[in-house]
Amino acid sequence: MSILTPFYHFNDTRNALRPLERIDNIREAAKDFRKTMLAKPKVRFYKSIELIRVPYPAKYGYLNAFALPTPFIHLCNKLFVIQFDSNEGVKTLLVSPSDWENQRETPFFAQLDQSAGPFSNQMEKLIVKGTNTVLNALQQLGLHPEDIDYITYDHLHTQNVTRWLGGQGQAAIFPNAKLLVMREEWEGTLSLLPWQNQWYCPSGIAGIDESRVELLDDSVFLGDGSVAIMRTKGHTEGNHSIVAHTDQGLLVTSENGVSMDSYAPIHSKIPGLASFAKRTQAEIIINGNTLECGNDQYLSMIQEKSVAGPWPKDERFFNMALSSESDGYWLFPGTKPTVRMGDLEFGKLTLTTQ
Ligand SMILES: [Zn+2]
């Protein structure tokens, strides 16, 4: 398909036998990649929209670093609506459209419900905060389901994609959309180890027609190069990050980390993070629920922050627009991140149908 152009800046960076050399290679490649991408056009439109806040174990969110007994952090799941130019016209991409009302069968969520027993309803009301749905957010923008050309997720944990693209007797809600996904993530989701399966929605991609899926073997630029899908194996084997060129520089979306603090722990006020970073010299804190590929996740987070570059509002932090960005909550003391990206909007929306 002509709107995808592969790029190879990072391909050989992880071949070094010595892991620290891989870091040097990644930083060099990131400098080169930034130069390439910043010379390309900006996206036409970029907007992030909060969908829902859910509890997530602190021991996973800040692996080995969080110092308090608070069991959960609050994760705020976001949708990103991005429009870019291509030689086929303006394209609309949804990043991380979580159909959260229809992914509760994910074993991790189901268990959370069960462990609360008879209090499950009350607990849910207290700690799960639904703000918006994907379809409602699109309607608020004036977009129709048929306007969506592509959808993508940094990885497929908890996602129910069948509802969007159709399958198993359900009609597609987005009749024209294609899923952009790394081949490993797709194949992995079809054949999960017990080690992985707690985090995937059963039948989350079941029955989706192959013609609706673009399996990626390489990192790629989309359209005019204002958006990139960059391989960042770690959190899952087929993980990728989304890079968008905006008025705020290159914004990188991922779930390898759960807050901007995770990418600059030495400057974090979250109890435990800075001291862990000092003690171990760790430059990042891993979001470690599955640890599918721990060393690679460390390297991928270095890659992500090197590509993102400094956050313009406070250059000690990085330009990371996370798909699940933690926020503080009164029930979860000590978990408020030092800084947050919050919601972003750049450019002007193009309405592609009337
Ligand atoms: Zn995940």
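Let me sum up the structure you'll find in this document. (Residues numbered from 1 in each chain as written. Predicted model: local features only at pLDDT ≥ 70, side-chain atom pairs only at ≥ 80, totals over all residues. Heavy atoms only, no water.)

1. A look at the overall build of the chain
Part 1: In terms of helices and strands, the chain carries 9 helices and 16 strands.
Part 2: In terms of C-alpha radius of gyration, the chain reaches 19 Å, essentially the compact-globule figure of 20 Å for 354 residues.
Part 3: Seen through its principal axes, the chain has C-alpha atoms that stretch 55 × 50 × 40 Å.
Part 4: Looking at the chain as a whole, 58% of its 354 residues are labelled buried.
Part 5: Taking all contacts inside the chain whose residues are at least 6 apart in sequence as the whole, residues at least 24 apart take part in 73%.
Part 6: Carbon and sulfur atoms provide 51% of the accessible area of the chain, an area that totals close to 14,800 Å².
Part 7: Charge separation in the chain, taken as the distance between the mean sites of 33 positive and 40 negative side-chain charges, equals 7 Å. (Helix = DSSP H or I, 4+ residues; strand = E, 2+ residues; numbered from the N terminus. Rg over C-alpha atoms; globule rule 2.2 N^0.38 Å. Buried < 20%, exposed > 50% of the residue type's maximum accessible area, 1.4 Å probe, protein only. Contact = heavy atoms within 4.5 Å. Areas by Shrake-Rupley, 256 points an atom, 1.4 Å probe, with all protein chains shown as cover. Lys, Arg positive; Asp, Glu negative; His and termini not counted. Charge placed at Lys NZ, Arg CZ, Asp CG, Glu CD.)

2. Concerning the coordination of the zinc ion
Under ideal tetrahedral coordination, the four donors around a metal are separated by 109.5 degrees; under ideal octahedral coordination, the six donors are separated by 90 or 180 degrees.
Part 1: Bound to the zinc ion on the protein side are His155 (NE2), His157 (ND1) and His235 (NE2), at distances that span 2.0 to 2.1 Å.
Part 2: Classification of His155 as buried rests on a relative accessible area of 3%.
Part 3: Given a relative accessible area of 0%, His235 falls into the buried group. (Donors = N, O, S within 2.8 Å, 3.2 Å for Na, K, Ca; no water.)

3. Structural notes on the pattern of salt bridges
Part 1: This structure, assessed with the given rule, holds 19 salt bridges.
Part 2: Notably, a salt bridge pairs Lys31 with Glu28, separated by 3.0 Å at the nearest N-O pair. Residue Lys31 and its partner Glu28 are both found in helix 1 (residues 19-38); the two are separated by 3 residues, about one turn of the helix.
Part 3: The exposure class of Lys31 is exposed, given its relative accessible area of 52%. (Salt bridge = Lys/Arg side-chain N within 4 Å of Asp/Glu carboxyl O.)

4. Quick look at the sheet that holds strand 12 (residues 249-253)
Part 1: The strand order across the open sheet built from 5 strands is 1-9-10-11-12, with neighbouring strands paired in antiparallel fashion. Since the sheet does not close on itself, it has two edges, and those belong to strand 1 (4-7) and strand 12, each with one partner. Shown here is a sheet whose adjacent strand axes are inclined to one another by a mean of 25 degrees, direction ignored.
Part 2: In the sheet, strand 11 (residues 240-246) pairs with strand 12 via 5 bridges, with the strands oriented antiparallel. (Pairing = 2+ DSSP bridges. Axes fitted to C-alpha atoms, helices over the stretch in contact; angles between N-to-C directions.)

5. With respect to the nonpolar core
Part 1: Of all hydrophobic cores here, the largest spans 55 residues; its most connected members are Tyr46, Ile82, Leu93, Leu222 and Val307.
Part 2: If one sorts the elements of this core by residue count, helix 1 sits on top with 6 residues.
Part 3: Setting aside residues no more than four positions away along its own chain, Leu222 makes contact with Ile3, Leu4, Phe84, Leu93, Leu180, Val227 and Ile229.
Part 4: Listed in part, the 51 residues of the second largest apolar core include Phe45, Val54, Phe174 and Leu273. (Core = buried A, V, L, I, M, F, W, Y, C linked by side-chain atoms within 4.5 Å.)

6. Structural notes on unusual backbone geometry
Part 1: Notably, Asn64 is not glycine yet its phi reads approximately 70 degrees, a positive angle.
Part 2: With respect to the element layout, Asn64 can be found in the loop between helix 2 (58-61) and strand 3 (72-86).
Part 3: Even without a glycine there, the phi angle at Thr158 is positive, about 65 degrees.
Part 4: Secondary-structure assignment places Thr158 in the loop between strand 6 (150-152) and helix 6 (162-165).

7. A look at the environment of Leu126
Part 1: The topology assignment puts Leu126 in helix 4 (residues 120-127).
Part 2: Sequence spacing of Leu126 and Glu255 is 129 residues, and the spatial spacing of their C-alpha atoms is 24 Å.

8. Observations regarding the packing of helix 1 against helix 9 (residues 294-308)
Part 1: Axis separation between helix 1 and helix 9 bottoms out at 9 Å; the angle between their running directions is 25 degrees. Between helix 1 and helix 9, the interaxial angle falls into the category roughly parallel. Of the two possible hands of crossing, helix 1 and helix 9 adopt the one that is right-handed. Along its contact with helix 1, which presents Pro19, Arg22, Ile23, Ile26, Arg27, Ala30, Phe33 and Arg34, the element helix 9 presents Tyr298, Leu299, Ile302, Gln303, Ser306, Val307 and Ala308.
Part 2: The residue inventory of the contact of helix 1 with helix 9, partitioned by class, reads 10 nonpolar, 2 polar and 3 charged. (Parallel < 35°, antiparallel > 145°, perpendicular 65-115°, else oblique. Left-handed = near helix turned anticlockwise from the far one by under 90°. Nonpolar A, V, L, I, M, F, W, Y, C, P; charged D, E, K, R; others polar.)

9. Overview of the packing of aromatic side chains
Part 1: As enumerated under the stated definition, the model contains 14 aromatic pairs in all.
Part 2: Between the aromatic rings of Phe7 and Phe33, the centroid separation amounts to 4.8 Å while the plane-to-plane angle is 35 degrees, which identifies the pairing as tilted. Note that Phe7 is positioned in strand 1 and Phe33 in helix 1, a separation of 26 residues in sequence.
Part 3: Put simply, the rings of Phe7, Phe10, Phe33 and Phe221 touch in pairs and so form one group of aromatic residues.
Part 4: Looking at Lys40, its charged tip hangs above the ring of Phe221, at a distance of 4.7 Å from the centre. (Phe/Tyr/Trp six-rings, centres within 6.5 Å; stacked < 30°, edge-to-face > 60°. Lys NZ or Arg CZ within 6 Å of the ring centre and 35° of its normal.)

10. Some remarks on the pairing of strand 15 (residues 324-327)
Part 1: Because side chains alternate across strand 15, one face comprises the buried residues Ser324 and Ser326, and the other comprises Glu325 and Asp327, equally buried.
Part 2: Sheet topology note: the strand 3/strand 15 ladder contains 4 bridges and is antiparallel. Residue Cys76 lies in a different strand from strand 15, and its bridge partner there is Glu325.

11. Things to note about empty space enclosed by the protein
Part 1: Counted according to the given criterion, the structure contains 2 cavities of 30 Å³ or more.
Part 2: Estimates place the volume of the largest cavity at around 260 Å³.
Part 3: Of all the elements, strand 2 (residues 45-57) adds the most residues to the lining of the largest cavity, at 3 residues.
Part 4: Considered class by class, the residues forming the lining of the largest cavity number 7 nonpolar, 12 polar and 2 charged.
Part 5: Considering only enclosed or pocket space, the second largest cavity measures out at about 30 Å³ in volume. (1 Å grid on protein atoms, 1.4 Å probe; cavity = no way out; pocket = protein on both sides within 12 Å on 5 of 7 lines; lining within 4 Å. Points joined across faces, edges and corners; volume = space filled by probe spheres on them.)

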